[in-house]
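So the chains spell out like this:
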Amino acid sequence: MKKFTLSATVAVSLACFAGTASAQVSDALVVDGTTISTSAPAADWLDIDQVLSGWSFRTDETRALQMDDFDNPGMIFVDQAIDDWNTVDGTAGKSCASCHDGPESFAGLRAELPRWDEAQGRVMNMEDYINVSRVEHMGAEPWKWAKPRMDAMVALLSLQSRGMTINVAIDGPAADMWEQGRELYYTRVGQLDMACSNCHEDNYGNMIRADHLSQGQINGFPAYRLKNAKLNSTHGRFSGCMKNIRAQPFGVGSDEFRALELYVASRGNGLSVEGPSVRN
Ligand code: HEC
Ligand code: HEC
């Protein structure tokens with residue numbers, strides 16, 4: 001890759017990090033009686049002591065929106081996904097409801113994803129499971145990733161694991177992909193010549209322009225963003241961060257983002273599933 005290290009640009013961008021103490025107002029995120037842990041001891045292979053949910057870094061107002069499902073705009077999309085859950089589609093004349101007991105039958109699944117699936121012979125995330133069912137079991141068109149229907153269904157199925165502890169396996173057949181994801185995480189890219197780690201590991205808690213930098217965890221995904229008033233997928237967010245450092249983003253659903261998702265998900269081991277979360 002051609003390095004475009006405009007040292008002036010880098011200096012300017014780094015000067016944007018202002019070391020302000022992070023005002024951690026409250027660490028208690030309780031939604032509908034479910035306690036969600038927003039911090040946990042980090043895995044021993046990480047260079048940080050604690051993993052922290054992105055929720056902890058948002059303003060009081062934004063946090064409050066996630067503390068009540070009636071205020072969480074992400075729940076509107078969950079309702080839309082329930083309609084899709086019950087809608088017949090495809091040549092087999094089935095809906096999700098024809099074969100599965102109910103979305104709640106997927107409790108625990110989101111906490112383990114992405115994960116190696118023996119039957120499929122590959123690492124699968126939620127979008128993959130949904131599309132395997134649509135194509136192979138329903139005879140329906142696959143849904144596009146990072147589009148409203150897919151993101152809403154991912155939110156509905158993620159919600160079933162809310163409060164459960166993230167436990168993504170990094171060994172076994174997924175190990176190579178995880179290594180690849182780790183490498184991507186620490187590789188500097190783009191005109192600003194920065195890696196994910198430069199912001200989300202070296203500078204979390206600091207301000208970058210008007211934004212309070214988090215650890216870039218994905219336990220809250222899909223995330224409803226006030227900025228674009230919709231659910232945002234994991235790969236959509238990765239893409240946005242790459243554009244911000246003026247790098248050419250990998251494609252949504254690409255091998256690179258799949259590897260990165262596996263690695264980033266595992267960095268959050270110990271946190272709770274929060275999706276759909278609310279972010280700015
Ligand atoms: C014709 C039956 C059928 C229909 C319709 C169907 N599925 Fe499935 N689904 C399966 C089978 C079979 C499996 C694999 C075995 C299993 O894990 O239940 C599966 C697996 C899954 C899994 C992975 C479960 C796990 O724990 O590994 C998810 C998630 C899923 N389906 C979601 C959906 C969604 C969402 C829809 C509707 C868009 C849907 N399915 C429609 C049959 C179906
Ligand atoms: C120049 C700094 C910068 C870099 C480099 C960067 N990001 Fe971000 N990222 C941000 C900012 C700012 C936000 C919004 C505030 C926050 O949650 O940290 C953000 C948010 C996120 C979030 C959402 C977290 C949440 O809880 O909602 C994820 C996930 C994320 N980034 C992943 C990545 C990944 C993966 C990379 C590398 C491909 C990356 N970021 C590179 C600045 C950066």
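Computed from a predicted model, the values in this text were never measured in an experiment.

Caption draft 1: Main features of the site of ligand 2. The full set close to ligand 2 counts 25 residues, and Gly54, Cys196, Cys199, Gly216 and Cys241 are the nearest of them. Looking at side-chain class alone, the shell around ligand 2 contains 14 nonpolar, eight polar and three charged residues.

Caption draft 2: Main features of the site of ligand 1. Taken together, 16 residues lie near ligand 1, and Cys96, Cys99, Tyr129, Ser133 and His137 sit nearest. Every element with two or more residues in the shell around ligand 1 is listed here: helix 4 (96-99), helix 6 (126-137) and helix 7 (148-159). At five residues, helix 6 tops the list of elements feeding residues into the shell around ligand 1. A class-by-class count of the residues in the shell around ligand 1 yields 10 nonpolar, four polar and two charged.

Caption draft 3: Seen up close, the domain arrangement of the chain. Entries for the chain in the domain assignment read domain 1 (7-18 + 26-72 + 164-279) and domain 2 (76-159). Each partner contributes to the interface: domain 1 provides 25 residues, whereas domain 2 provides 21 residues. Those elements that provide at least two residues to the side of domain 1 that touches domain 2 are strand 11 (230-232), helix 10 (234-244) and helix 11 (255-267). Counting residues per element, the side of domain 1 that touches domain 2 draws most heavily on helix 11, which supplies four residues. Its residues assigned to classes, the side of domain 1 that touches domain 2 shows 14 nonpolar, eight polar and three charged.

Caption draft 4: Region of interest: the confidence of the model for the chain. Looking at the chain, the pLDDT average stands at 92 and 90% of residues meet or exceed 70. The model gives residues 19-25 a pLDDT under 50, and that stretch makes eight contacts with residues more than four places away or in other chains.

Caption draft 5: Main features of the sheet that holds strand 12 (residues 277-279). Taken together, the three strands give an open sheet; going across it, the order is 11-10-12, and neighbouring strands pair in mixed fashion. At either end of the open sheet lies a strand with only one pairing partner, and these are strand 11 and strand 12. The mean angle between the axes of side-by-side strands here comes to 40°, regardless of whether they run parallel or antiparallel.

Caption draft 6: Up close: the packing of helix 10 against helix 11. Put simply, helix 10 and helix 11 touch, their axes get as near as 10 Å, and they point 105° apart. Regarding the angle of helix 10 to helix 11, the classification is roughly perpendicular. Residues Thr234, His235 and Phe238 of helix 10 form the contact with helix 11, whose participating residues are Phe257, Leu260 and Glu261. Classifying every residue of the contact of helix 10 with helix 11 by side-chain character gives three nonpolar, two polar and one charged.

Caption draft 7: How the structure looks around the environment of tryptophan 116. On the secondary structure map, tryptophan 116 appears in strand 6 (residues 115-117). For tryptophan 116, a count of 18 C-beta atoms within 10 Å translates into the label partly exposed. The sequence separation of tryptophan 116 and proline 173 amounts to 57 residues, and the corresponding C-alpha distance is 6.6 Å. The contact partners of tryptophan 116, leaving out residues within four places of it in the chain, are Val123, Gly172, Pro173 and Ala174.

Caption draft 8: Structural context of unusual backbone geometry. Residues leucine 113 and proline 114 are joined by a peptide bond in cis, for which omega reads -5°. By the secondary structure assignment, proline 114 is in the loop between helix 5 (109-112) and strand 6. Not every positive phi belongs to a glycine, and alanine 146 is a case in point at roughly 60°. Position of alanine 146 among the secondary structure elements: in the loop between helix 6 and helix 7. One non-glycine residue with positive phi stands out, namely arginine 246, at about 55°. Within the element layout of this structure, arginine 246 appears in the loop between helix 10 and helix 11. On the basis of neighbour counts, which here come to 15 C-beta atoms within 10 Å, the residue arginine 246 falls in the partly exposed class.

Procedures and definitions
Residues numbered from 1 in each chain as written. Chains lettered and ligands numbered in written order. Predicted model: local features only at pLDDT ≥ 70, side-chain atom pairs only at ≥ 80, totals over all residues. Near = placed C-beta within 6 Å. Nonpolar A, V, L, I, M, F, W, Y, C, P; charged D, E, K, R; others polar. Helix = DSSP H or I, 4+ residues; strand = E, 2+ residues; numbered from the N terminus. Domains from an automatic or database assignment. Contact = placed C-beta atoms within 7 Å. pLDDT = per-residue confidence, 0-100. Pairing = 2+ DSSP bridges. Axes fitted to C-alpha atoms, helices over the stretch in contact; angles between N-to-C directions. Parallel < 35°, antiparallel > 145°, perpendicular 65-115°, else oblique. Buried ≥ 20, exposed ≤ 12 C-beta atoms within 10 Å, placed from the backbone.

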